[in-house]
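# Summary of the model geometry
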Amino acid sequence: MQEFYRIMNDKEQRDFMRMNPVWYKEFNRVGHAHTQFKQVFDVAKKERTPSRLATIDKHLSTANLMLKLLKGFK
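Residues numbered from 1 in each chain as written. Predicted model: local features only at pLDDT ≥ 70, side-chain atom pairs only at ≥ 80, totals over all residues. Heavy atoms only, no water.

Packing of helix 1 (residues 2-9) against helix 2 (residues 11-19) brings their axes to within 5 Å, and their N-to-C directions diverge by 100°. Judged by the inter-axis angle, helix 1 sits roughly perpendicular to helix 2. Judged by residue contacts, Phe4, Ile7, Met8 and Asn9 of helix 1 engage Lys11, Gln13, Arg14 and Met17 from helix 2. Of the residues contributing to the contact of helix 1 with helix 2, the split by class is four nonpolar, two polar and two charged. (Axes fitted to C-alpha atoms, helices over the stretch in contact; angles between N-to-C directions. Helix = DSSP H or I, 4+ residues; strand = E, 2+ residues; numbered from the N terminus. Parallel < 35°, antiparallel > 145°, perpendicular 65-115°, else oblique. Contact = heavy atoms within 4.5 Å. Nonpolar A, V, L, I, M, F, W, Y, C, P; charged D, E, K, R; others polar.)

Next comes the structure, spelled out in structure tokens:
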């Protein structure tokens, strides 16, 4: 039960649990479901957040577009 309280104190994990209420049932049935929850949470978190390279690529393409627009105004 202590693991459940740790999850509730972490904002990201709490929000994930609220979006997937089946985990409430898992914690009520099996008290040691924390390891399974953590694995599923980590996978979901990686799918949600873009990789660092994807973020840099997006920023570079935006900067490139801005430069093209500025050259067009001259």
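This part takes up the nonpolar core. Formed by Phe4, Ile7, Met8, Phe16, Met17, Trp23, Phe27, Phe37, Phe41 and Ala44, the largest nonpolar core amounts to ten residues. Setting aside its immediate chain neighbours within four residues, Phe16 contacts Trp23, Phe37, Val40, Phe41, Ala44 and Arg48. (Core = buried A, V, L, I, M, F, W, Y, C linked by side-chain atoms within 4.5 Å. Buried < 20%, exposed > 50% of the residue type's maximum accessible area, 1.4 Å probe, protein only.)

The next subject is the confidence of the model for the protein chain. With 96% of its residues at a pLDDT of at least 70, the protein chain reaches an overall mean of 85. Averaged pLDDT values over the elements of the protein chain bottom out at 81 in helix 1 and peak at 90 in helix 2. (pLDDT = per-residue confidence, 0-100.)

With that settled, the discussion passes to the packing of aromatic side chains. The relation between two aromatic rings is expressed through the spacing of the ring centres and the mutual angle of the planes. By the definition in use, this model includes five aromatic pairs. Between the aromatic rings of Phe16 and Phe37, the centroid separation amounts to 5.7 Å while the plane-to-plane angle is 55°, which identifies the pairing as tilted. Taken together, the residues Phe16 in helix 2 and Phe37 in helix 4 (residues 34-48) connect sequence positions 21 residues apart. Taking the relative accessible area as the measure of exposure, Phe37 reaches 0% and is therefore buried. Residues Phe27 and Phe37 carry aromatic rings whose centres are separated by 6.0 Å and whose planes lie at 65° to one another, so their mutual orientation is edge-to-face. One end of the pair, Phe27, is in helix 3 (residues 22-29); the other, Phe37, is in helix 4, with ten residues separating them in the sequence. (Phe/Tyr/Trp six-rings, centres within 6.5 Å; stacked < 30°, edge-to-face > 60°.)

Before going further, it helps to spend a moment on the side chain of Gln13. Along the polypeptide, Gln13 turns up in helix 2. We classify Gln13 as buried; its relative accessible area is 6%. Among all residues touching Gln13, those that are not within four sequence positions of it are Ile7, Phe37, Lys38 and Phe41.

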